[in-house]
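Below, each chain spelled out in residue letters.
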Amino acid sequence: MYSRLRYFFATIYSRMQVKPSTQPIVLSIPLCHYDDTESAKASRRQLKDAIHTVLFDMNVPAVCAVDQATLALYAARRTSGIVVNIGFQVTSVVPILHGKVMHHVGVEVVGMGALKLTGFLRELMQQNNINFESLYTVRTLKENLCYVAADYKTELSKDTQASLKVPTVGWFTLSKERFQTGEILFQPRIAGVRAMGLHQAVALCMDHCHAADLTGDDTWFKTVVLSGGTACLPGLAERLEKELHELLHPSQANGIKVIPPTHGANSAWFGAKFISNLSTFPASWCIKKKQFRGKSRINLMW
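Residues numbered from 1 in each chain as written. Predicted model: local features only at pLDDT ≥ 70, side-chain atom pairs only at ≥ 80, totals over all residues. Heavy atoms only, no water.

Going by an unreviewed UniProt entry, the protein carries the name Actin-related protein 8 isoform X2 and comes from Durio zibethinus. If you open the UniProt record of the protein and go to Sequence similarities (unreviewed entry), you find "Belongs to the actin family." (UniProt positions renumbered as here; feature names shortened; annotations may be inferred.)

Okay, structure coming up:
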């Protein structure tokens, strides 16, 4: 792990033409090891310690390591809420209170992400004899033509045809495929996936937050922030909010607000930028080499 991370960070600094010793950094930690078990905690600590060790060996003066979901929340100018991160392979529903992931409350994971949506659109195009050369073409169509219907059954009876010219490839026309692709987030069975719908996963997370009774009121988890490139699908935030209101008890659904990605796929980056622009940065956000060496409780063996 050490050698791979060292090469990774060295490559980034080289391409940016920046010396590691010149400034503190904010680092996005990937969402992984979701559980609250001792094993998952140890895995999270090990990853964080490995990253800190590599960066301090490269003479970085101070490091602020924050997970992606929290950075996406900061990008939305929030410190508490539920972050729905639609990643490449999985979707994570992460409860965060005062900037800290509530692992003990429960992080819900749905085994479906951007790759599955792209693959499903490819299947639909093949079924309808729409020829294409690569997944790049399919992904481009997904990002530019697809959307989430407010009401799936109603949308099926509409004329939804639209066309797009993919650079160097040509023109493509899609119809029902435009909203059928995003529908699998709510009805995974359409794509042959046995998993919860996105609204069900968020509702379950809210139930856990309510049962945990961490603050005495439920307002902190009624803000739902979407993140990830696929979360930018038009209509997704509105549909998720509608489904939650229909699924939850009125008293629990009251006040729920779903916020689409303000900065598109770059939410984590803008969250990091927000932190670095604070007057309290880096003093109260970063850890320095001396502090890290003193606090390190795990003897990593390379």
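A.B. asks: Could you clarify how one ought to interpret the packing of helix α8 (residues 198-212) against helix α9 (residues 236-247) in this entry?
C.D. replies: Two numbers describe how α8 lies on α9: the axes approach to 9 Å, and their chain directions differ by 55 degrees. One way to sum up the angle between α8 and α9 is to call them oblique. In the packing of α8 onto α9, the handedness of the crossing is right-handed. Residues Leu198, His199, Gln200, Val202, Ala203 and Met206 of α8 form the contact with α9, whose participating residues are Leu236, Leu240, Glu243, Leu244 and Leu247. Residues that form the contact of α8 with α9 fall into these classes: eight nonpolar, two polar and one charged. (Axes fitted to C-alpha atoms, helices over the stretch in contact; angles between N-to-C directions. Helix = DSSP H or I, 4+ residues; strand = E, 2+ residues; numbered from the N terminus. Parallel < 35°, antiparallel > 145°, perpendicular 65-115°, else oblique. Left-handed = near helix turned anticlockwise from the far one by under 90°. Contact = heavy atoms within 4.5 Å. Nonpolar A, V, L, I, M, F, W, Y, C, P; charged D, E, K, R; others polar.)

A.B. asks: I keep staring at the packing of aromatic side chains and nothing clicks. Help me out?
C.D. replies: The relative placement of two aromatic rings is captured by the distance of their centres and the angle of their planes. Tallied over the full model, the rule gives seven aromatic pairs. Between Phe56 and Phe292, the ring centres sit 5.7 Å apart and the planes meet at 40 degrees, which makes this aromatic pair tilted. With Phe56 in helix α2 (residues 38-57) and Phe292 in helix α12 (residues 289-295), this residue pair connects regions lying 236 residues apart in the sequence. Judged by its relative accessible area of 4%, Phe292 falls in the buried class. Here the aromatic residues Tyr147, Tyr152 and Phe179 are joined through ring pairs into a cluster of three or more. The ring of Phe186 carries Arg239 above its face, with NZ or CZ at 4.5 Å from the centroid. (Phe/Tyr/Trp six-rings, centres within 6.5 Å; stacked < 30°, edge-to-face > 60°. Buried < 20%, exposed > 50% of the residue type's maximum accessible area, 1.4 Å probe, protein only. Lys NZ or Arg CZ within 6 Å of the ring centre and 35° of its normal.)

A.B. asks: Explain the sheet that holds strand β2 (residues 62-67) to me, please; I cannot follow it from the model alone.
C.D. replies: The strands making up a sheet associate through hydrogen bonds between their backbones, and the pairing can be parallel or antiparallel. In spatial order, the strands read β1-β2-β11; together these three strands make up an open sheet with mixed pairing. At either end of the open sheet lies a strand with only one pairing partner, and these are β1 (25-29) and β11 (287-288). (Pairing = 2+ DSSP bridges.)

A.B. asks: It is not clear to me how the domain arrangement of the protein should be interpreted in this structure. Could you clarify?
C.D. replies: In many reports, interface size means the accessible area that the parts give up when they come together. Entries for the protein in the domain assignment read domain 1 (1-111 + 195-277) and domain 2 (114-191). Each of domain 1 and domain 2 has a C-alpha centre, and the two are 27 Å apart. With 18 residues of domain 1 at the interface, the matching set in domain 2 holds 15 residues. Summing the contributions of domain 1 and of domain 2, the shared interface buries around 1,400 Å²; its carbon and sulfur component is 63%. On inspection of domain 1 and its partner domain 2, the count reaches two salt bridges. (Domains from an automatic or database assignment. Buried area = accessible area lost by both parts, 1.4 Å probe. Salt bridge = Lys/Arg side-chain N within 4 Å of Asp/Glu carboxyl O.)

A.B. asks: Sorry if this is basic, but what is going on with the nonpolar core here?
C.D. replies: Counting 51 residues, the largest nonpolar core has Ile82, Val84, Leu141, Met206, Leu236, Leu240 and Leu244 as its most contacted members. For this core, the domains that each give at least three residues are domain 1 (1-111 + 195-277) and domain 2 (114-191). Those residues in contact with Met206, other than ones at most four positions away along the chain, are Ile82, Phe221, Lys222, Val224, Leu244, Leu248, Gln252 and Ile256. With 18 residues, the next largest nonpolar core counts Ile29, Leu47, Val54 and Ala65 among its residues. (Core = buried A, V, L, I, M, F, W, Y, C linked by side-chain atoms within 4.5 Å.)

A.B. asks: Help me understand helix α5 (residues 135-145), please; the structure alone is not making it clear to me.
C.D. replies: Given 3.6 residues per helical turn, the α-helix brings residues three or four places apart onto the same face. Looking only at α5, the buried set comprises Thr137, Val138, Thr140, Leu141, Lys142 and Leu145. Considering only its buried residues, α5 is in contact with α4 (114-127), β7 (162-166), β8 (170-174) and α7 (177-183).

A.B. asks: Honestly, the pairing of β8 in this entry has me stumped. Any pointers?
C.D. replies: Along a regular strand, successive side chains alternate from one face of the sheet to the other. Relative to β8, β7 runs antiparallel, the two sharing five bridges. Along β8, the bridge assignment pairs Ser163 with Thr173. The loop that links β7 with its antiparallel partner β8 comprises three residues; one of these, Thr168, has a positive phi angle of about 70 degrees.

A.B. asks: Please explain the packing of α4 against α5 as it appears in this structure.
C.D. replies: Angle between the axes and distance between the axes are the two parameters that describe a pair of packed helices. Relative to each other, α4 and α5 sit at 100 degrees, their axes nearing to 9 Å. Relative to α5, the element α4 lies roughly perpendicular. Contact residues: α4 offers Ala114, Leu117, Thr118, Leu121, Arg122 and Met125, while α5 offers Leu135, Val138, Arg139, Leu141 and Lys142. Across the contact of α4 with α5, the residue classes tally to seven nonpolar, one polar and three charged.

A.B. asks: Got a minute to help me understand the pairing of β1 in this structure?
C.D. replies: Burial of β1 is one-sided: the residues Ile25, Leu27 and Ile29 facing one way are buried, the residues Val26 and Ser28 facing the other way are not. Of the strand pairs in this sheet, β1 and β2 are connected by five bridges, and their pairing is parallel. Opposite Ile29, over in β2, you have Asp67 as the bridge partner.

A.B. asks: Explanation requested: unusual backbone geometry in the structure shown.
C.D. replies: Note on backbone geometry: most residues besides glycine have negative phi, and most peptide bonds are trans. Phe281 connects to Pro282 through a cis peptide bond whose omega is 5 degrees. Tracing the sequence through the fold places Pro282 in the loop between α11 (267-276) and β11. One non-glycine residue with positive phi stands out, namely Gln17, at about 55 degrees. Assignment of secondary structure puts Gln17 in the loop between α1 (2-16) and β1. Overall, the relative accessible area of 74% leaves Gln17 in the exposed class. In this structure, Arg77 takes a positive phi of about 60 degrees despite not being glycine. Looking at the element boundaries, Arg77 is found in the loop between α3 (68-75) and β3 (81-86).

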